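Residue strings, one per chain:
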Amino acid sequence: MLLNVLTIPKDDPIAFTFFTGYMAMLAASVFFFFERGSVDGKWKLSLLVSGLITGIAAVHYYYMRDYYMATGENPTALRYIDWTLTVPLMCVEFYLLTKVAGAKTSLLWKLIAASVWMLVTGYIGEAFNPVGGSTTHSVLWGFLSTLGYLYILYTAWYGEVAKLADNSGDAAVKKGVRTLAWFVLVGWAIYPIGYMCMPGGWLNVGLGWESANVDLFYNIADAINKIGFGLVVYSIAISAKKTA
Ligand SMILES: *C/C=C(C)/C=C/C=C(C)/C=C/C1=C(C)CCCC1(C)C
């Protein structure tokens, strides 16, 4: 059992992404925490949040990796605990970036509510999927979860976040928020693809993509989204410094 925990099988790309994901999240946190000291005062909180997002993920990857190595199963509960903390923090990033343009806390709460809705329904879809998988169950909860996702997507592209960024009068904020909106559109879309690989899910039933793929999609998506989001925030912070 112990050996199992310590070796990465050569033919297991999922184990590989758990290990790499853990290290990448940890390294990103160190980077964001250190760089926090070199950005303009008004961006320090944003960088702290970036570091917290990857830091919280690093701790969860540490445990998810061991769970996966020991059992070979999807660490669903740990995964959703991680997301329930980190996705609302990504909403905080949107809020902090548009605060300069007058974002109110009500915007933050709406985004957080939508993300919690998305994750609670997604968790029910995954954790309570009957043994062997149920398409009705996975599609119903997946659909409900998507409503929360679409709300965030809309807000970032056309709603309050987009409008505030456009009115901020700060080219770096405008461009940065648009880039983050792309992350939500493309990077976040990887998650529902992974979800549909679970037993009973559309891709599982339709294309034979196995439940093992769930973690592969989630791990890749997490690295792109959590580290990428933080780097976009960082680039806004340093470009503001250059023009100051
Ligand atoms: C750092 C973690 C992030 C950015 C996680 C994002 C997760 C999602 C966008 C998940 C979305 C889902 C759906 C839209 C439908 C199916 C269920 C979910 C929860 C996988």
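It should be emphasised that the depicted structure is a prediction, and the values quoted were computed from it without experimental measurement. (Residues numbered from 1 in each chain as written. Predicted model: local features only at pLDDT ≥ 70, side-chain atom pairs only at ≥ 80, totals over all residues. Heavy atoms only, no water.)

Caption draft 1: Region of interest: the environment of A114. Tracing the chain through its elements places A114 in helix α5 (residues 105–127). The class of A114 is buried, set by a relative accessible area of 9%. Sequence separation between A114 and L150 is 36 residues, and the spatial gap between their C-alpha atoms is 8.9 Å. Discounting chain neighbours no more than four positions away, the residues touching A114 are G148, Y151 and I152. (Helix = DSSP H or I, 4+ residues; strand = E, 2+ residues; numbered from the N terminus. Buried < 20%, exposed > 50% of the residue type's maximum accessible area, 1.4 Å probe, protein only. Contact = heavy atoms within 4.5 Å.)

Caption draft 2: The arrangement of the site of the ligand in detail. Not every one of the 18 residues close to the ligand is listed here, only the nearest: W83, M118, S145, Y191 and K226. Bound to the protein, the ligand loses 99% of the 530 Å² it would expose on its own. Breaking the shell around the ligand down by element, the ones donating at least two residues are α4 (76–99), α5, α6 (135–157), α9 (190–195) and α11 (213–243). By residue number, the principal contributor to the shell around the ligand is α4, which donates 5 residues. (Near = heavy atom within 4 Å. Areas by Shrake-Rupley, 256 points an atom, 1.4 Å probe, with all protein chains shown as cover.)

Caption draft 3: Focus on the nonpolar core. If you look at the biggest cluster of nonpolar residues, it comprises 69 residues, and the most contacted ones within it are F94, V184, W188 and F229. The dominant element in this core, judged by the number of residues it contributes, is α4, at 11 residues. Setting aside residues no more than four positions away along its own chain, F94 makes contact with L111, A156, V161, V177, L180, V184 and F229. (Core = buried A, V, L, I, M, F, W, Y, C linked by side-chain atoms within 4.5 Å.)

Caption draft 4: Spatial organisation of α5. Compared with an ideal rise of 1.5 Å per residue, which puts 23 residues at 33 Å, α5 spans 32 Å between its outermost C-alpha atoms and is within 8% of the ideal. All of the buried residues along α5 are L107, L108, L111, I112, A114, S115, M118, L119, T121, G122, G125 and E126. (Expected span 1.5 Å × (residues − 1).)

Caption draft 5: Main features of a nonpolar patch on the surface. Together, V59, Y62 and Y63 give the surface a local cluster of nonpolar side chains, amounting to about 300 Å² of exposed area. When you line up the elements, Y63 lands in helix α3 (residues 44–71). Y63 sits in the partly exposed class, given a relative accessible area of 47%. (Patch = residues over 30% accessible without salt bridge, like charges linked within 9 Å, V, L, I, M, F, W, Y side chains within 5 Å. Salt bridge = Lys/Arg side-chain N within 4 Å of Asp/Glu carboxyl O.)

Caption draft 6: View of the packing of aromatic side chains. Applying the stated criterion to the full structure yields 20 aromatic pairs. Seen in terms of ring centroids, F18 and Y61 are 6.0 Å apart; in terms of plane orientation they differ by 55°. Their pairing is tilted. Linking F18 in helix α2 (residues 13–35) with Y61 in helix α3, this pair joins segments that are 43 residues apart in sequence. The same class applies to F18 and to Y61, which are both buried. Taking 6.1 Å as the distance between ring centres and 15° as the angle between the ring planes, the aromatic pair formed by W209 and F217 counts as stacked. By relative accessible area, which is 33% here, W209 ends up partly exposed. The class of F217 is partly exposed, set by a relative accessible area of 21%. The structure contains a cluster of three or more aromatic residues connected by ring pairs, namely Y80, W83, Y123, F128, Y191 and Y218. Over the ring of F19 we find R65, and its NZ or CZ is 4.7 Å from the ring centre. (Phe/Tyr/Trp six-rings, centres within 6.5 Å; stacked < 30°, edge-to-face > 60°. Lys NZ or Arg CZ within 6 Å of the ring centre and 35° of its normal.)

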